Structure formats: C-alpha cells, structure tokens
Amino acid sequence: MTRKRNSYDVLRQSLVTYDDRLVMAPRRRGAAGGTMTTPQPAARSISPPPTWAQRPASLARAVTAELVGRIVRGEHPPGTPLPPEPALCETFAVSRTVVREAVKVLQEKGLVQVRQGSGTMVTAPAAWNMLDEQVLTASIAQDESLEILDDLVVTRRLLESDMANVAARLATPEVVDRLRTLVDRMDELVDDHVTYAEHDRAFHDVIMQSSGNRIARGVVRALESQVVNTARYMGHPERAMCVASNRGHRNIYERIAAHDPGGAAEAMFTHITEAWLVRRSAPGDPVRLDR
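Residues numbered from 1 in each chain as written. Predicted model: local features only at pLDDT ≥ 70, side-chain atom pairs only at ≥ 80, totals over all residues. Heavy atoms only, no water.

Okay, the overall build of the protein chain next. When its secondary structure is counted, the protein chain shows 13 helices and six strands. A separation of at least 24 residues holds for 64% of the contacts in the protein chain among residues at least 6 apart in sequence. Surface summary for the protein chain: the accessible area is close to 17,100 Å², and the carbon and sulfur share equals 53%. (Helix = DSSP H or I, 4+ residues; strand = E, 2+ residues; numbered from the N terminus. Contact = heavy atoms within 4.5 Å. Areas by Shrake-Rupley, 256 points an atom, 1.4 Å probe, with all protein chains shown as cover.)

Shown next, in the form of structure tokens:
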C-alpha cells in the first residue's frame, strides 16, 4: 500500500545532496571492446527547500502556539493525555523532533507534565504560567467574562499603588517636574487617543522608576505589554474617557508633589480601578475588583 507523502517526506527529500546522485552518461567503448558507463553529477535543483527546513525553531513555535490554544480552549482537558507523538506528527505534518520540542516548551509553561508510563498529561489551570505571553493571550481570548483581565487590573493596581506610595517619599524635584509636564501635555492630547496613550504609559513609568522597585515595574510592564493593543483591555477610546483619565493622573501627581505617600497610593488605586471600569465591556459586576 502506498503511504501518503506528508510534509516530513518533503522535508527529508529536500535535504538530499544532489551532488551525491549520479546519472548514467552515454555508453562508450571500454579497453576490451565492451561498453561501460561514466557517472556524471546531476544538476542541482533550483527549487529552494521548504521554509521550515531552514528555520525549524519557527515550526516548533507554531506547533506550540496551536497546542497552547487547544489546551486553553479545553480541547485537551486537564487530567487527560495529549495525543501520542505519532498522532501529533500526523496532525501537524512535522517530525518527532519538532513535536518533542513543542512538548518541552509546553512543560516549561506549566501546561503539561510528562509522566513516565502515562504519557504527557495536561495540567490544571492553577499550574499554568499566566505571565507567559502565549498562555495569557490565549486565556484572555477565551474568557468572555473578562475575569482574567479583572485579575490583571487587580495585580497592576496593587503593585502600582505601592510604587506610588514609595515615589511620593522619594520623588526628586526633577521627577515632580516630569510628571507635571506629562499631565499638562495630556490635557492637550485628549482628542488624540493614540498619542495620549503613549504619554499615559510614560506617566506611570516615571512613577514606577522613581519607586526603585524593578521587580514590580517588570511585572507591570510585562503584563501591560501583552494586552495594551487588545480591544478587550483598551476598550474604545474617546475624548471623554481621556479627560476623565487625566483627572486621575493629576490627582496622583499632586499627591506625589505634596510628598503624601498614603494619598498617592489611594489616588493610584482609584485611578486604575475607575479607568478600567470605564473601558470594561463585559456584563455583570466585576466582583473581583471589590476590596
């Protein structure tokens, strides 16, 4: 029975060195009057090898991303095994090497656990690395209730409130001047929500840097970088939203300028909460924001 050729066959064939293939030249007379053939090298194929033959890591990342999505969507539920290697090779038309690399990355993300004798088991969501870009992105896309984004906002609110507290104690005159300049400029940008958003992020980053807490700043920046361009998180910016947002920024600035740690923390807490509630589009009460 003829086996169906898949992408792995094409990949393997593309790696054959054509110089090692020989074709038979026209016959010529040998010394004893017989005939003999002279092997000649064939011309090289002008067809380039498949893209994945040149960049196997890209193929492994593509398979990983697809499996992350399937696990998060529940196509492979927690506590169940992933399909065996041969099945995954057939599904994605890739080699075992690619599948093994993808499974290794899934394990690093906390999505699966390789058990001797039991195969590769899908783990419970509590084990997933939610700071991982692919895991967080897939989780947000699947979450119609926006609870994942609610938790992200709660995390950001907690960390930035503390950093605002510290910044109010440590802020130099240069930091205060920079914050005032940004707030004043944002008042002028309320009709340009793209440029406004850039200044908004700069304002928050000045405060985070002023606090000196590099770990908290790193966590906030990592989370924000993964959602800042998504409609679910950003909502639909308009002038009134920018005006209200900058009132919150000005309250934060004034408390930091007054070196009022408690007031700065409260102003940051209120600003982040209210700004999210304005953008949030899911029905129901966001009870996860209650404190």
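Moving on from the model shown.
Now for the side chain of threonine 123. When you line up the elements, threonine 123 lands in the loop between β6 (119-122) and α6 (133-142). From its side chain, threonine 123 meets the backbone oxygen of glycine 110 in a polar contact 2.5 Å long. Ignoring any residue separated from it by four or fewer positions in sequence, one finds threonine 123 in contact with Pro78, Gly110, Leu111, Val112, Gln113 and Trp128. (Polar contact = N/O pair within 3.5 Å; in protein donor to acceptor, adjacent residues only side chain to side chain.)

On to the pattern of salt bridges, then. Counting across every chain of the model gives 20 salt bridges. A salt bridge links aspartate 151 to arginine 288; the shortest N-O distance between them is 2.6 Å. Of the two residues, aspartate 151 sits in helix α7 (residues 147-170) while arginine 288 sits in the segment after α13 (261-279), which places them 137 residues apart along the sequence. Judged by relative accessible area, which is 29%, aspartate 151 ranks as partly exposed. (Salt bridge = Lys/Arg side-chain N within 4 Å of Asp/Glu carboxyl O. Buried < 20%, exposed > 50% of the residue type's maximum accessible area, 1.4 Å probe, protein only.)

Okay, the nonpolar core next. Counting residues in hydrophobic clusters, the biggest one holds 37 residues, and the most contacted among them are Leu149, Leu179, Phe203, Ile207 and Ile256. Those elements that place two or more of their residues in this core are α6, α7, α8 (173-188), α9 (193-211), α10 (214-227), α12 (239-257) and α13. Here this core gets seven residues from one element, more than from any other, and that element is α7. With 23 residues, the next largest nonpolar core counts Val72, Cys89, Val98 and Ala138 among its residues. (Core = buried A, V, L, I, M, F, W, Y, C linked by side-chain atoms within 4.5 Å.)

Each aromatic ring pair is summarised here by two numbers: the centre-to-centre distance and the angle between the ring planes. Tallied over the full model, the rule gives one aromatic pair. The aromatic ring of tyrosine 233 is capped on one face by arginine 279, whose charged end is 4.7 Å from the ring centroid. (Phe/Tyr/Trp six-rings, centres within 6.5 Å; stacked < 30°, edge-to-face > 60°. Lys NZ or Arg CZ within 6 Å of the ring centre and 35° of its normal.)

With 14 residues, α10 should reach 20 Å at 1.5 Å per residue; the first-to-last C-alpha distance of 20 Å fits that figure. Along α10, the residues classified as buried are Ala216, Val220, Leu223, Glu224, Gln226 and Val227. Angular distribution of buried residues about the axis of α10 spans 165 degrees; they occupy a single face of the element. Turned more than 90 degrees off the buried face of α10, the exposed positions are Arg214, Ile215 and Ser225. At its buried positions, α10 is contacted by α6, α7, α9 and α11 (231-234). (Expected span 1.5 Å × (residues − 1). Arc of directions from axis to C-beta.)

Backbone geometry at alanine 93 places phi at a positive 55 degrees, although glycine is not the residue there. Position of alanine 93 among the secondary structure elements: in the loop between α4 (85-92) and α5 (96-108). Despite not being glycine, leucine 146 shows a phi value in the positive range, around 65 degrees. When you line up the elements, leucine 146 lands in the loop between α6 and α7.

Take the confidence of the model for the protein chain next. Here the protein chain averages 84 in pLDDT, while 80% of its residues score no lower than 70. This model gives residues 35-39 a pLDDT under 50, and the stretch forms 16 contacts once residues within four places in sequence are excluded. For residues 41-47, every residue scores under 50 in pLDDT, and the model assigns this stretch nine contacts once sequence neighbours within four places are set aside. (pLDDT = per-residue confidence, 0-100.)

By the element assignment, isoleucine 252 lies in helix α12. Given the relative accessible area of 0%, isoleucine 252 is considered buried. Spatially, the C-alpha atom of isoleucine 252 lies 8.5 Å from that of glutamate 266, the residues being 14 residues apart in sequence.

Further remarks concern α5. Compared with the 18 Å implied by 1.5 Å per residue over 13 residues, the 18 Å span of α5 between its first and last C-alpha is a close match. Burial in α5 covers these residues: Val98, Val99, Ala102, Val103 and Leu106. Taken around the axis of α5, the buried residues stretch over an arc of 130 degrees, which confines them to a single face. Exposed side of α5, more than 90 degrees from the buried face: Thr97 and Glu108 are the residues found there. Taken from the residues just after α5, glycine 110 is the one with a positive phi, measuring 85 degrees.

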